[in-house]
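Notes for the structure review
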Amino acid sequence: MTNEDKAHLKKLLEQEIAAADQTIERLKEASQAVAPDNALGRLTRMETMGDQQMSKAKLSKMQQRRLELKNALGKLPNPSFGLCNACKNPLPVERLLAVPEACVCVPCLNKLQKKIQKR
Ligand SMILES: [Zn+2]
C-alpha cells in the first residue's frame, strides 16, 4: 500500500468516523426513554417503544463500526496495514472501508470459508 493510498484511506476513514458520530448522536436521541407524561395514545406509545428498540440496536451496531474505523485509523501507519494476512497482497481500499477490521482479502476469505464448510 503506497503512502498516497494510505493518505487517501485516512481521509476516507476520518469521513466515515465523522458520519458515524452524527448517526450515533441522532440514534441516541431516538433511543431516549419515552417520558411517562408524554401525551401519546397507547398504540403510538407502543410504536414509539418499537422504534426505540430498533434505534438501540442500530446504535450499538454503529458504535461498533465507529470503533472498528478508529482501530483501522490507528493501525494505518503500520507497514503491514492493509495487507492480506494470508497471501500478503494489498487489500482493496473499498474492502477496508466496508470492513475496516478486514485482515484477509476476499479470495482468501472465500478459501477459508470453504475450508470451514468442509469440516
Ligand atoms: Zn489474500
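Residues numbered from 1 in each chain as written. Predicted model: local features only at pLDDT ≥ 70, side-chain atom pairs only at ≥ 80, totals over all residues. Heavy atoms only, no water.

1. Overview of the environment of lysine 114
- With respect to the element layout, lysine 114 can be found in helix α4 (residues 106–118).
- Since its relative accessible area comes to 55%, lysine 114 is described here as exposed.
- Separated by 110 residues in the primary sequence, lysine 114 and glutamate 4 have C-alpha atoms spaced 34 Å apart. (Helix = DSSP H or I, 4+ residues; strand = E, 2+ residues; numbered from the N terminus. Buried < 20%, exposed > 50% of the residue type's maximum accessible area, 1.4 Å probe, protein only.)

2. Points about unusual backbone geometry
- One non-glycine residue, lysine 88, lies in positive phi territory at about 65 degrees.
- Summarising the element assignment, lysine 88 is placed in the loop between α2 (42–75) and α3 (93–98).

3. Re the confidence of the model for the protein
- Here the protein averages 87 in pLDDT, while 91% of its residues score no lower than 70.
- Mean pLDDT across the secondary structure elements of the protein bottoms out at α3, with 86, and peaks at helix α1 (residues 3–30), with 93. (pLDDT = per-residue confidence, 0-100.)

4. Observations concerning α4
- Relative to the 18 Å expected for 13 residues at 1.5 Å per residue, α4 spans 18 Å between its end C-alpha atoms, a close match to the ideal helical length.
- Within α4, only one of the 13 residues are buried, leaving the element largely exposed. (Expected span 1.5 Å × (residues − 1).)

5. Some words on the pattern of salt bridges
- Using the criterion set out here, one finds three salt bridges in the structure.
- Note that glutamate 14 and lysine 10 form a salt bridge whose closest N and O atoms lie 3.2 Å from each other. Of this pair, glutamate 14 and lysine 10 are both found in helix α1, four residues apart, which corresponds to roughly one turn of the helix.
- For glutamate 14, a relative accessible area of 36% corresponds to the partly exposed category.
- A relative accessible area of 41% places lysine 10 in the partly exposed class.
- With a closest N to O distance of 2.3 Å, aspartate 21 and arginine 66 form a salt bridge. (Salt bridge = Lys/Arg side-chain N within 4 Å of Asp/Glu carboxyl O.)

6. Topic: the coordination of the zinc ion
- The zinc ion binds to the protein through Cys84 (SG), Cys87 (SG), Cys105 (SG) and Cys108 (SG); the donor distances cover 2.2 to 2.3 Å.
- Note that the zinc ion binds four donor atoms; their angles at the metal cover 104 to 116 degrees, and the shape is tetrahedral.
- Donor residues binding the zinc ion come from one chain and are separated in sequence as C-x2-C-x17-C-x2-C. Separated by 24 residues along the polypeptide, cysteine 84 in the loop between α2 and α3 and cysteine 108 in helix α4 bring together distant segments of the chain. The residues cysteine 84 and cysteine 108 share a single accessibility class, namely buried. (Donors = N, O, S within 2.8 Å, 3.2 Å for Na, K, Ca; no water. Tetrahedral: all angles 85-135°; square planar, octahedral: opposite > 155°, others 65-115°.)

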